[in-house]
Amino acid sequence: MNNSSHIPGSRHLDIGRMACTAAVIILCAMRTAVSGNAAERQQDGTESARRLERAVEEAAEGNALGTASFGVFAMTAAGDTLADFNGEHVLVPASNLKMVTTGAALHFLGPEYRYETAIGYSGGVENGVLRGDLYIIGGGDPALGSRDSIAVPLEKTFRQWRGFLAKAGIRKIEGHVIGDGRFFDGAMEEDTWLWNDIGTYYGTGVSGLSFYENVKDFNVSAGAAPGDAVSVIPGYPQTPWMEYRHSCTTGEGGTGNRLYYYTSSFAPAGEMRGTFAVDRGPKTEKGSNKFPAYTCAWHFVRYLQECGVGCSSGAADTGPVFGVPGKKPADWKSLTIIGRTSSPTLRRIAFETNYESNNFFAETIFRTLGKELCGDGSYEGGRKAIKDVLDGLCGGSGGMVIMDGSGLSRQNLVSPAFFCRFLDAMLKSPAADAFLSTLPSPGDNGTLAYVMRGQSAELKSRILMKSGSMGGILCYSGYILPEAPDGEAVIFSVMANNCTATPGQIRAALEKVIIAIAEAGTEAEGGTEAEAGR
């Protein structure tokens, strides 16, 4: 049967209220608690308030941040300010921006939203032969072909697609298998990303039909001595159409991994540059694959051949490099759709996005908002959609600049106070439970594994936050849950830019501020109980 022009779009847009966990109940209940005189419980004379003030001053004037741009904002869930140091100054947020992307998407699309990939064909089927092209119509699924634990194994997905062909009576294809990535509009990457980022695994960019998170593996090992060539062997996925050049050399001992892979979607070529220290062991270096839709189609053709289903013309995509020569891609309305497969839920994708700080997932979510809210899957559409969601969720995004979804652009600008307002607003969202579950605690596996290592497990378990880091940048924003069941949560954001100290020194300075905020929140919590006569 023929389907509508928005083929990948039969989504689960469930934005009904989610069942709250105990943590969310505490957080949301505390927003409406009237608990005495706020001014009294935040008197400057309290020891915790003085410690917080000193911690912020010492961080701002210390060796790690003394010449940096630094901002702090902290507030209780009831709206009382605990700390404000350059709180409204905009700074580069790095991966802290993923909280805004995932929160806005969970709020608007709902935690049970799923992406869909459709299989369809042009032409007709005669005696088991498809005389036309088979289309793999991407709907933006970021987990397609991924080896992440949340993803459906690729073998299972291909088996499902093969089953669609069998049910449609297709035993042979007299045409192409076309990877169709037209769900998203425009370039894969955001225009302000740095050139040496877009060839990396964290700057892969987004396609309507992504595959293996749009990554290409390379197995690298150092030469015998500095100056020798580095061994670079292309790994998974297979990309025999690519021309690889390697100008990288073995570096001196102690110089680490300084390899960068450079590639683009203009031509099937890439080059590994830089140095790889002589004392480094072999590793898998991950670079960008700028032809994911073609890669997906090529691998599916190989799978079909192994299953005895021939394809006369091989793989193609809808782009200028691997498109079918002299033939425009079919309009979706003209295709016969024979099946669909679904992604994991947005709740699970957002969890991986924030826990592992997955740029590719974040950029996919960002552009999905543009597609679903504005009908525009480009970066411009994503920016408009984020603004519209934030206008409704927390009263706007004035004074901010949001360029992308992951925080990779150094032209993103957000203030600590805005992060707190946004996090506060998320407590009132129907998706509050799902959002909070995406935020890790210090010591959890992922990007916070080595944060606050000397602190108690009890304290770390009460902190839910996201980190953000790039060269010279480190930020933490999130929630501190109360010690007592009827206590009050704290919302905070600490941001440092233009830092010249080591990452360890910067992290230690910011950790001291977070600990002081937690102590001040505990003092406010105790004040609340005393004033309420408990």
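Residues numbered from 1 in each chain as written. Predicted model: local features only at pLDDT ≥ 70, side-chain atom pairs only at ≥ 80, totals over all residues. Heavy atoms only, no water.

Some details on the overall build of the protein chain
- For the protein chain, the helix and strand inventory stands at 13 helices and 21 strands.
- Within the protein chain, the proportion of its 534 residues that are buried is 57%.
- Long-range pairs, those at least 24 residues apart, make up 73% of the contacts in the protein chain with a sequence separation of at least 6. (Helix = DSSP H or I, 4+ residues; strand = E, 2+ residues; numbered from the N terminus. Buried < 20%, exposed > 50% of the residue type's maximum accessible area, 1.4 Å probe, protein only. Contact = heavy atoms within 4.5 Å.)

Here's the deal with the packing of helix α5 (residues 154-167) against helix α6 (residues 292-306)
- Between α5 and α6, the shortest axis-to-axis distance is 11 Å and the interhelical angle comes to 70°. The pairing of α5 with α6 is recorded here as roughly perpendicular in orientation. Note that α5 runs across α6; the crossing there is right-handed. Seen from α5, the contacting residues are Glu 155, Phe 158, Arg 159, Trp 161, Arg 162 and Leu 165; seen from α6, they are Cys 296, His 299, Phe 300, Tyr 303 and Leu 304.
- Of the residues belonging to the contact of α5 with α6, the class tally is seven nonpolar, one polar and three charged. (Axes fitted to C-alpha atoms, helices over the stretch in contact; angles between N-to-C directions. Parallel < 35°, antiparallel > 145°, perpendicular 65-115°, else oblique. Left-handed = near helix turned anticlockwise from the far one by under 90°. Nonpolar A, V, L, I, M, F, W, Y, C, P; charged D, E, K, R; others polar.)

Here's the deal with the packing of helix α4 (residues 97-109) against helix α7 (residues 346-355)
- Where α4 meets α7, the axes come as close as 10 Å, and the angle between the chain directions of the two elements is 175°. By the angle between their directions, the pair α4 and α7 is classed as roughly antiparallel. Taken together, the residues of α7 that come into contact with α4 (itself represented by Lys 98, Met 99, Thr 102, Ala 105, Leu 106 and Leu 109) are Leu 346, Arg 347, Ala 350, Thr 353 and Asn 354.
- Its residues assigned to classes, the contact of α4 with α7 shows six nonpolar, three polar and two charged.

Observations concerning the packing of aromatic side chains
- Following the criterion strictly, the structure yields 25 aromatic pairs and no others.
- Seen from their ring centres, Trp 195 and Tyr 262 are 5.5 Å apart, and the 45° between their planes marks the pair as tilted. Note that Trp 195 is positioned in the loop between β8 (177-180) and β9 (215-221) and Tyr 262 in strand β13 (residues 257-263), a separation of 67 residues in sequence.
- For Trp 195, a relative accessible area of 46% gives the class partly exposed.
- Of the residues examined, Tyr 262 reaches a relative accessible area of 15% and is grouped as buried.
- Members of the aromatic cluster, joined through ring pairs, are Trp 241, Phe 291, Tyr 294, Trp 298 and Phe 322.
- The side chain of Arg 147 reaches across the aromatic face of Tyr 236, ending 4.3 Å from its centre.
- Across from the ring centre of Phe 183, 5.1 Å away, lies the NZ or CZ of Lys 371, which sits over that ring. (Phe/Tyr/Trp six-rings, centres within 6.5 Å; stacked < 30°, edge-to-face > 60°. Lys NZ or Arg CZ within 6 Å of the ring centre and 35° of its normal.)

Side note on the sheet that holds strand β2 (residues 81-85)
- One open sheet holds the five strands; their spatial order is β2-β1-β21-β20-β19, and the pairing between them is antiparallel. Here the strands that pair on one side only, and so sit at the sheet edges, are β2 and β19 (463-470). Pairs of neighbouring strands in the sheet enclose a mean axial angle of 5°, with direction left out of account.
- Pairing of strand β1 (residues 69-76) with β2, which is carried by four bridges, proceeds in the antiparallel orientation. When the sheet's bridge partners are listed, Met 75 is paired in β2 with Thr 81. (Pairing = 2+ DSSP bridges.)

Notes on the sheet that holds strand β10 (residues 231-234)
- The antiparallel open sheet is built from three strands, whose spatial order is β10-β9-β15. The open sheet has two free edges, formed respectively by β10 and β15 (283-288), since each of these has just one partner strand. Here the strands of the sheet are splayed against their neighbours by 35° on average, with no regard to which way each runs.
- Across four bridges, the pairing between β9 and β10 is antiparallel. Bridge pairing in β10 places Val 220 opposite Val 232.

Quick look at the side chain of Ser 477
- Relative to the helices and strands, Ser 477 resides in strand β20 (residues 473-480).
- There is a polar contact of 2.7 Å between the side chain of Ser 477 and the side chain of Ser 493. (Polar contact = N/O pair within 3.5 Å; in protein donor to acceptor, adjacent residues only side chain to side chain.)

Examining empty space enclosed by the protein
- On inspection of all chains with the given rule, the structure shows two cavities of 30 Å³ or more.
- The space that makes up the largest cavity amounts to roughly 50 Å³.
- In terms of lining residues, the largest cavity is bounded by twelve residues, among which Arg 462, Ile 480, Leu 481, Gly 521 and Thr 522 are the most central.
- Considering every element that reaches the lining of the largest cavity, the biggest residue donor is helix α13 (residues 503-531), with five residues.
- Partitioned by chemical class, the residues of the lining of the largest cavity number six nonpolar, two polar and four charged.
- Reported here for the second largest cavity is a volume of approximately 40 Å³.
- Together, Lys 216, Thr 239, Met 242, Tyr 244, Tyr 261, Thr 263, Ser 288, Asn 289 and Lys 290 line the second largest cavity.
- Partitioning the lining of the second largest cavity into residue classes produces three nonpolar, four polar and two charged. (1 Å grid on protein atoms, 1.4 Å probe; cavity = no way out; pocket = protein on both sides within 12 Å on 5 of 7 lines; lining within 4 Å. Points joined across faces, edges and corners; volume = space filled by probe spheres on them.)

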